[in-house]
Every structure is written in structure tokens, then in C-alpha cells.
Amino acid sequence: YDAAVEMFGKLLADYPGGLLRGEARLLQAQAFLTQKRSAEAAGILRTLLADQPVYENDPRAALAYGVALFEVGKSSEALARLEGLKSPLACLYAGRALMQIGKPLVAVEKFRQVIQSDPQGHWTELSKYLSAEAFFAAKDFLSAMQGYEQFLLAYPQSPLRPGTI
């Protein structure tokens with residue numbers, strides 16, 4: 001991803017008014033996110049949205065910006081970007097943001113959306129674990145215990161297993 005970041009940076013420097021500058025910025029931000037360089041991704045996306053407001057309605061930009069904002073600790077802003085997006089990843093991050101702002105039971109609904117949308121999907125294991133965590137945070141200990149038990153039965157080899165109660 002280093003090469004992609006560099007290539008998009010060069011493209012933007014060489015053609016600052018180019019027709020594809022919005023796509024180049026979006027792809028560069030996504031590469032930064034893949035590298036766990038969320039602050040840089042957030043800065044690029046902020047510039048993208050300021051320079052080209054049409055990207056405000058682009059779900060790719062909303063998802064990337066929401067993830068970047070969450071990763072830099074701006075959960076409320078992240079949630080605003082992620083609300084309304086239908087992808088499992090958007091629901092997962094919206095749930096995590098809701099937990100951060102003290103709304104764990106609302107977060108459970110987001111995690112359920114991930115699980116229901118793709119029961120065997122990439123984000124399902126984490127969503128089931130986070131659902132139990134959300135119940136625990138809400139002090140609904142019975143639901144938390146049931147959630148942890150279901151998680152452990154479904155994922156006995158999970159690396160998340162040590163975090164269960």
C-alpha cells in the first residue's frame with residue numbers, strides 16, 4: 001500500500017485540477033486506512049469533501065471517513081457519517097461508535113444487522129462478541145452471559161475467546 005499512497009500523492013501533485021482527483025484522494029485515503037494511518041486518511045477525506053461536495057453522497061467516502069473518524073476517537077462524528085449506510089462494515093463501526101458514546105443497547109441492533117445481513121460473513125464473529133460486550137456494558141448480565149455462551153459455542157477457537165467472561 002505504500003506504493004499506492006505514493007502513486008496517488010504524485011498524481012494529485014502533478015494534476016491538482018485533474019478530473020480524477022476525487023477518486024485519487026478517496027483511494028489514497030483507503031490505502032492509508034489499510035495501513036492503520038487513520039489520521040492521515042481523515043485529513044485527506046476532509047479535504048476531499050471540502051473541495052468536491054459531490055462526495056458527501058458517495059457511500060464509499062462516507063464509510064471511509066466514518067471509519068477514519070472512529071479510529072481517531074471521534075465516535076459521534078463517525079456515527080453521523082456511518083448512519084444510513086447498509087454495508088456490514090458500516091454497521092459494525094456504527095455499533096462500535098454507539099458503544100463509545102454510551103449507547104450499548106442501540107449498538108446491539110447494529111451488530112445484529114451485521115449478523116443478519118451475512119451470517120457466515122467476515123464480520124459476524126466480531127459482531128457476535130461485541131453484542132455480548134454491549135449487553136455487559138448495559139449491565140444486562142443475563143443477556144451478556146447468553147451472548148458469550150453462544151459466541152463460545154459458535155467460535156471455540158476464536159482469538160477473542162480470552163475476552164469472554
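Residues numbered from 1 in each chain as written. Predicted model: local features only at pLDDT ≥ 70, side-chain atom pairs only at ≥ 80, totals over all residues. Heavy atoms only, no water.

A. Region of the structure containing the nonpolar core. Core analysis: the biggest nonpolar cluster contains 45 residues, and Leu26, Leu45 and Leu82 have the highest contact counts within it. Mapped onto this core, the elements with two or more residues apiece are helix H2 (21-34), helix H3 (38-51), helix H4 (59-71), helix H5 (75-82), helix H6 (88-100), helix H7 (104-117), helix H8 (124-137) and helix H9 (141-154). Setting aside chain neighbours within four positions, we find Leu82 in contact with Ala62, Leu63, Gly66, Val67, Ala90, Tyr93 and Ala94. (Core = buried A, V, L, I, M, F, W, Y, C linked by side-chain atoms within 4.5 Å. Buried < 20%, exposed > 50% of the residue type's maximum accessible area, 1.4 Å probe, protein only. Helix = DSSP H or I, 4+ residues; strand = E, 2+ residues; numbered from the N terminus. Contact = heavy atoms within 4.5 Å.)

B. Just the environment of Ala61, in detail. Mapping Ala61 onto the fold places it in helix H4. On the accessibility criterion, Ala61 (2% relative accessible area) is buried. In this structure the C-alpha to C-alpha distance between Ala61 and Leu26, which are 35 residues apart in sequence, comes to 6.6 Å. Apart from residues lying up to four places away in sequence, Ala61 is in contact with Leu26 and Tyr55.

C. Geometry of the pattern of salt bridges. Applying the stated rule across the entire model yields eight salt bridges. Taking the shortest distance from any N to any O, the salt bridge between Lys110 and Glu83 comes out at 3.5 Å. Placement of the pair is Lys110 in helix H7 and Glu83 in the loop between H5 and H6, with a sequence separation of 27 residues. Lys110 sits in the buried class, given a relative accessible area of 13%. (Salt bridge = Lys/Arg side-chain N within 4 Å of Asp/Glu carboxyl O.)

D. How the structure looks around H5. Within H5, the full set of buried residues consists of Ser75, Ala78, Leu79 and Leu82. Along the axis of H5, the buried positions cluster into a sector of 100°, meaning they face one direction only. Facing away from the buried side of H5, by more than 90 degrees, are the exposed residues Ser76 and Ala80. (Arc of directions from axis to C-beta.)

E. Structural context of unusual backbone geometry. We note that Lys36 has phi near 65°; this positive angle belongs to a residue other than glycine. Relative to the helices and strands, Lys36 is located in the loop between H2 and H3. For Lys36, a relative accessible area of 72% gives the class exposed. Backbone geometry at Lys139 places phi at a positive 65°, although glycine is not the residue there.

F. Representation of H9. Spanning 14 residues, H9 covers 20 Å between terminal C-alpha atoms, matching the ideal 20 Å at 1.5 Å per step. Within H9 the residues assigned to the buried category are Ser143, Ala144, Gly147, Tyr148 and Phe151. On an axial view of H9, the arc spanned by its buried residues comes to 135°, and they lie on one face. Residues of H9 that are exposed and point over 90 degrees away from its buried face: Leu142, Gln150 and Leu153. (Expected span 1.5 Å × (residues − 1).)

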